Amino acid sequence: MISYLLRRLAFLAGSLFLAGVVIFLLLRTLPGDPANSLLAVGASPEQIAAARHEIGSDRPLPEQFVTWLHQLATFDLGNSFISTLPVGPEITSRLDVTVPLTLLSFVLAVLIAVPVGFVAAHRSATWYGTLISGISQLGIAVPVFWIGMILITVFALQLGVLPAGGFPQDGWAEPGEALTSLALPVITVALVMSASLIRYVRSAALDVLGSDYLRTARALGSSFGRAMWRHGLRNGAVPVVSVLAIELATTLLGAVVVETVFALPGLGSMLAQAVAQHDYPTVQGVLFVSTFAVLVIGFLGDIAQRLIDPRLRGRLSGGAR
Amino acid sequence: MSEPTAMESTKPTRLTKPTKLSGPAKTDRDTGTGKEPGTAAGASRGRRSPALVAGCVLVGLIVAIALVSLFWVPYAPDDTSGGRLVPPGLPHLLGTDKLGRDLLTQLMTGARIALEAGLGAIAIGAALGVCAGLAAGFATRWLDDTLSTLLDVLIAFPTLLLAMLMVAARSASLGTAVLAIGFAMTAVIARLTRILVKRVLALDYITAARTSGTSWPRVITGHVLPNIWPTLVVNLAQQFGLAVMAEASLSFLGLGAPPPNASWGRMLHEAQATVFTAPTGVVAPGVLLVMLVVGVNLIADGLRDTLDPTRRRTR
C-alpha cells in the first residue's frame with residue numbers, strides 16, 4: 001500500500017505538471033494576443049507594444065513558460081488584467097463559497113441517491129422501482145441552470161421562503177444567513193447530481209443482490225440486513241466510490257453555471273466573468289486551481305477504493321477501467 | 001445508421017473469427033437468445049426496442065423542427081415589430097420575448113443550432129479521438145503509457161472549462177463553442193477507443209490472423225473496427241447529448257453563438273428576468289432541450305441493447 005501511495009503521488013505530481021503545460025499552451029498558442037484585452041479598440045502600435053512588454057507576452061514562449069512554472073511553484077498566480085489585484089487571494093476568498101456549495105451538494109446528493117438507488121434495485125419489479133429509474137433517466141437530461149431557474153421561481157419568487165440568489169457581504173460571519181443563501185443552489189446541484197448517481201447505485205446494488213456470495217450468506221442463515229452489511233456494502237461500494245470521485249469533480253466545475261444562476265460570488269462566476277473580459281491571468285489561475293482540485297479528488301478516490309477493496313491494490317489508477 | 005447485417009457484428013469476447021459482413025447463415029453466436037435464425041429477425045427485433053423507438057420519435061421531432069426552420073420561420077429572427085412580451089396566441093403562437101422577438105421563430109432556429117452543435121462536436125471528437133485511441137492502442141509500450149497519461153490529464157479538464165478557455169482566447173461564437181466541445185470530447189473517446197482496441201488485440205483470432213499473414217491495415221479494417229464500433233457508436237450517442245447540453249450551458253453563460261442566432265441556452269438566460277410575465281420563454285426552450293437529450297440517451301440505450309447481444313437477456 002505504501003509503494004502504491006508513492007507511485008500514485010508521483011502520478012499526481014506528473015499530471016499537475018502536464019495540466020500546467022496544457023493550460024499554458026492552450027492560452028498562448030490560440031490566436032489572439034492577451035495584450036489586446038488590456039487596451040481599447042483602436043490602440044496605436046506603440047501602445048500595444050508597451051502593453052505586450054508590460055505583461056511579458058513579447059518574450060519567447062520558453063521564457064514565458066518558465067515564468068509561469070515559477071509562479072505556480074510560489075503560489076503567485078499573477079495580477080488580474082482588469083482589477084490589477086493579485087489572483088491568488090481572490091481565488092482563496094471565492095473558495096469560501098464554492099467549497100461549501102460543492103461539499104454540501106455532494107453530501108445531500110449521496111444521502112438522496114444511495115437509499116433511493118438501493119430501493120430502485122431491491123424493488124426493481126415494482127411500479128416505484130420503475131418510476132425511480134424513469135425519473136433519474138429524465139434527471140440526467142435536465143440542464144442544471146433550468147432546474148435552478150424553476151426552483152427560484154417556485155421557492156423564491158412564488159412562495160418567498162428562500163432567497164433567490166446572492167451571498168452575504170461579510171461571508172460566513174453570519175452562518176445562518178450564509179447557509180440560507182446557499183440552500184437553493186445546493187438543492188439544485190444535489191438534484192442533478194443524484195439523478196446520475198442513482199443509476200450507478202442501482203446498477204451496483206443489482207450486481208450485489210444477484211451475487212452468489214449474498215445468496216450463500218443468506219443460505220447459511222444470515223439475515224438480509226446482516227448479509228448486506230457484511231458482504232454487500234463493501235462490494236457494492238467500489239464502483240460507486242469511483243463514480244463519486246468523478247461526480248464530486250463535476251460538481252465543483254458545474255459550479256460555474258450554478259453560481260451564475262444564483263449570483264453567488266464563487267470560483268465559477270469568477271471564471272465566467274474572467275472569460276468574458278479576456279482576463280488571462282485570472283482564467284489560467286482559476287483553471288489551474290480547479291484542475292488541481294479535480295486531480296486531488298481523483299487521487300483520493302483511488303486511495304479510497306484501495307482501502308475498500310484490497311484486490312485493486314496492484315493497479316496504478318482508476319477502478320473503473 | 002447501419003445495414004442490418006452489421007448489427008450482428010460480434011463481441012470481442014467471441015472466439016469465432018468474425019467477418020465484417022456476416023451473412024444470414026450464421027452459427028450459434030447468439031446462443032443466449034437462442035431464437036434468432038437470421039439477421040432479418042435480429043434487425044426487426046432491434047427496431048422493436050422501445051427505448052430506441054421512443055428516442056427516435058423525440059429526436060425526429062426536433063430534427064423535423066430544425067429542417068422546417070431552414071426553409072420557413074414565422075418571423076425574421078430579429079423582427080421586433082410584434083411588441084414586447086406578447087402572450088401566446090395569434091399572430092405570435094408562443095408570444096414574444098422582452099425585445100419583441102417571436103418565440104416560436106427562436107425556438108425553431110434554436111433546434112437547428114442545438115443539432116449543429118451536437119453533430120459538429122461529435123464529428124471533431126470522433127475523428128480525433130478514434131485516431132488517437134487507435135494509435136495508443138497499437139503503439140509500443142512507452143508511447144502508449146505517455147499517451148494514456150496525457151489522456152488522463154486531459155480528461156481531468158471538463159468540457160465546459162476547456163470550452164471556456166478557448167472562448168477566452170478566441171471570441172464567443174458557435175464555431176468556437178463547437179470546436180472546444182469537440183476537443184474536450186476527444187480525450188474521452190480516445191481513451192475508450194484505446195481500451196477497446198487493447199481488448200480486441202489480446203484475443204486469439206488476431207494472433208491467428210497475423211500468423212496467417214494478414215497485414216495490420218487489414219486487421220484494423222477487418223477485425224478491430226468491426227468489433228469496436230458498436231460500443232463506440234453507443235458512446236458517441238451519449239456524448240452527443242452531453243455536447244448539446246454543453247452548448248446550452250455556454251450560451252446560457254453568454255459564451256455561445258452571439259445574437260441574432262437563437263440558442264436555447266441564451267433564450268433561457270434572457271427569459272430568466274421575465275419568468276412571471278412570460279413563463280413560456282422559460283418553459284419552452286427547456287422542454288425542447290430535455291426532449292432532445294432524453295431522446296438521444298434513449299437511442300443510446302436502445303442501440304446498446306440492440307448491438308450488444310449479451311445485454312439482450314438482462315433487459
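Calculation notes
Residues numbered from 1 in each chain as written. Chains lettered and ligands numbered in written order. Predicted model: local features only at pLDDT ≥ 70, side-chain atom pairs only at ≥ 80, totals over all residues. Heavy atoms only, no water. Helix = DSSP H or I, 4+ residues; strand = E, 2+ residues; numbered from the N terminus. Buried < 20%, exposed > 50% of the residue type's maximum accessible area, 1.4 Å probe, protein only. Areas by Shrake-Rupley, 256 points an atom, 1.4 Å probe, with all protein chains shown as cover. Lys, Arg positive; Asp, Glu negative; His and termini not counted. Charge placed at Lys NZ, Arg CZ, Asp CG, Glu CD. Contact = heavy atoms within 4.5 Å. Phe/Tyr/Trp six-rings, centres within 6.5 Å; stacked < 30°, edge-to-face > 60°. Salt bridge = Lys/Arg side-chain N within 4 Å of Asp/Glu carboxyl O. Polar contact = N/O pair within 3.5 Å; in protein donor to acceptor, adjacent residues only side chain to side chain. Nonpolar A, V, L, I, M, F, W, Y, C, P; charged D, E, K, R; others polar. Core = buried A, V, L, I, M, F, W, Y, C linked by side-chain atoms within 4.5 Å. Axes fitted to C-alpha atoms, helices over the stretch in contact; angles between N-to-C directions. Parallel < 35°, antiparallel > 145°, perpendicular 65-115°, else oblique. Left-handed = near helix turned anticlockwise from the far one by under 90°. Patch = residues over 30% accessible without salt bridge, like charges linked within 9 Å, V, L, I, M, F, W, Y side chains within 5 Å. pLDDT = per-residue confidence, 0-100. Expected span 1.5 Å × (residues − 1).

Caption draft 1: Here's a closer look at the overall build of chain A. For chain A, the count of helices and strands is 11 helices and zero strands. In chain A, the succession of helices and strands from N to C terminus is α-α-α-α-α-α-α-α-α-α-α. Its C-alpha atoms give chain A principal-axis dimensions of roughly 85 × 55 × 35 Å. Per-residue burial for chain A yields a buried fraction of 46% across its 321 residues. When the accessible area of chain A is evaluated, it comes to approximately 15500 Å², of which 68% is carbon and sulfur surface. For chain A, the centre of its 19 positive side-chain charges and the centre of its 18 negative side-chain charges are spaced 23 Å apart.

Caption draft 2: Local environment of the overall build of chain B. Helix and strand counts for chain B stand at 11 helices and zero strands. Listing the helices and strands of chain B from first to last along the sequence gives α-α-α-α-α-α-α-α-α-α-α. Counting all 315 residues of chain B, 53% fall into the buried class. A separation threshold of at least 6 residues defines the contact pool for chain B, and within that pool the share at least 24 residues apart is 69%. When the accessible surface of chain B is totalled, it reaches about 13600 Å², and 66% of it is carbon and sulfur.

Caption draft 3: The packing of aromatic side chains, seen in detail. Residue and element names in this part refer to chain A. Under the defined criterion, the tally for this structure stands at six aromatic pairs over all chains. The interplanar angle of 75° and the centroid separation of 6.4 Å between the aromatic rings of F17 and F65 together place this pair among those described as edge-to-face. Of this pair, F17 sits in helix α1 (residues 2-29) while F65 sits in helix α3 (residues 61-73), placing them 48 residues apart in sequence. Given the relative accessible area of 47%, F17 is considered partly exposed. The buried category is assigned to F65, whose relative accessible area is 17%. Taken together through their ring pairs, the aromatic side chains of F17, F24 and F65 make up a single cluster.

Caption draft 4: Expanded view of the environment of D204 of chain B. With respect to the helices and strands, D204 of chain B occurs in helix α7 (residues 204-211). When the C-alpha atoms of D204 of chain B and T221 of chain B are compared, they prove to be 17 Å apart, with 17 residues separating the residues in sequence.

Caption draft 5: Up close: the interface of chain A and chain B. The interface of chain A with chain B comprises 43 residues on the first partner and 40 residues on the second. Inspection of the region where chain A meets chain B yields zero salt bridges. Taken together, the links from chain A to chain B amount to one residue pair in polar contact (both at pLDDT 80 or more). Secondary-structure elements contributing two or more residues to the side of chain A that touches chain B are α1, α5 (127-139), α6 (144-158), α9 (224-261), α10 (267-276) and α11 (280-308) of chain A. It is α1 of chain A that provides the largest number of residues to the side of chain A that touches chain B, a total of eight residues. Its residues assigned to classes, the side of chain A that touches chain B shows 32 nonpolar, 10 polar and one charged.

Caption draft 6: Representation of the nonpolar core. Ranked by size, the top nonpolar core spans 130 residues in total, and within it L271 of chain A together with M164, W264 and L292 of chain B carry the most contacts. The leading source of residues in this core is helix α8 (residues 216-252) of chain B, at 16 residues. In terms of nonpolar packing, the next biggest core, distinct from the first, is built from 17 residues, I132, A190, V201 and V243 of chain A among them.

Caption draft 7: Up close: the packing of α5 of chain A against helix α7 (residues 175-209) of chain A. All names here are of chain A. Here α5 crosses α7 at 135°, and the two axes come no closer than 7 Å. By the criterion of interaxial angle, the relationship of α5 to α7 is oblique. Judged by the sense of rotation from one axis to the other, the crossing of α5 with α7 is left-handed. Seen from α5, the contacting residues are I132, S133, S136, Q137 and G139; seen from α7, they are A195, I198, R199 and R202. Here the contact of α5 with α7 is built from residues that sort into three nonpolar, four polar and two charged.

Caption draft 8: Layout of a nonpolar patch on the surface. A cluster of nonpolar residues, V63, L67, V68, L70, F71 and W72 of chain B, forms a patch on the protein surface that exposes about 640 Å² of accessible area. Within the secondary structure, L67 of chain B sits in helix α2 (residues 50-71).

Caption draft 9: Representation of the pattern of salt bridges. All names here are of chain B. With the rule as written, the count across this model stands at eight salt bridges over all chains. D144 is the salt-bridge partner of K198, the closest N and O atoms lying 3.3 Å from each other. Residue K198 is located in helix α6 (residues 174-201), and its partner D144 is located in helix α4 (residues 141-156); the two are separated by 54 residues in the primary sequence. With a relative accessible area of 5%, D144 lands in the buried category. Here the residues in one salt-bridge network are D144, R194 and K198, joined through shared partners.

Caption draft 10: The arrangement of the confidence of the model for chain B in detail. Residues and elements named next belong to chain B. For chain B, per-residue confidence averages 76 on the pLDDT scale, and 79% of positions sit at 70 or higher. Averaged over each element, pLDDT in chain B is lowest for helix α1 (residues 39-47) (45) and highest for helix α3 (residues 103-138) (89). Long-range and interchain partners of residues 1-47, a stretch whose pLDDT sits below 50, account for 70 contacts in this model, where long-range means more than four residues apart. For this predicted complex, the interface score ipTM comes out at 0.78, while the overall pTM is 0.79.

Caption draft 11: Region of the structure containing unusual backbone geometry. Phi is positive for A263 of chain A, which is not a glycine, with a value near 50°. On the accessibility criterion, A263 of chain A (52% relative accessible area) is exposed.

Caption draft 12: Looking closely at α6 of chain A. All names here are of chain A. Its 15 residues give α6 an end-to-end C-alpha distance of 20 Å, which sits within 8% of 21 Å, the value for a rise of 1.5 Å per residue. What α6 keeps buried is the set V144, F145, W146, I147, G148, M149, L151, I152, T153 and A156. G160 sits one or two residues past α6 and shows a positive phi near 65°.

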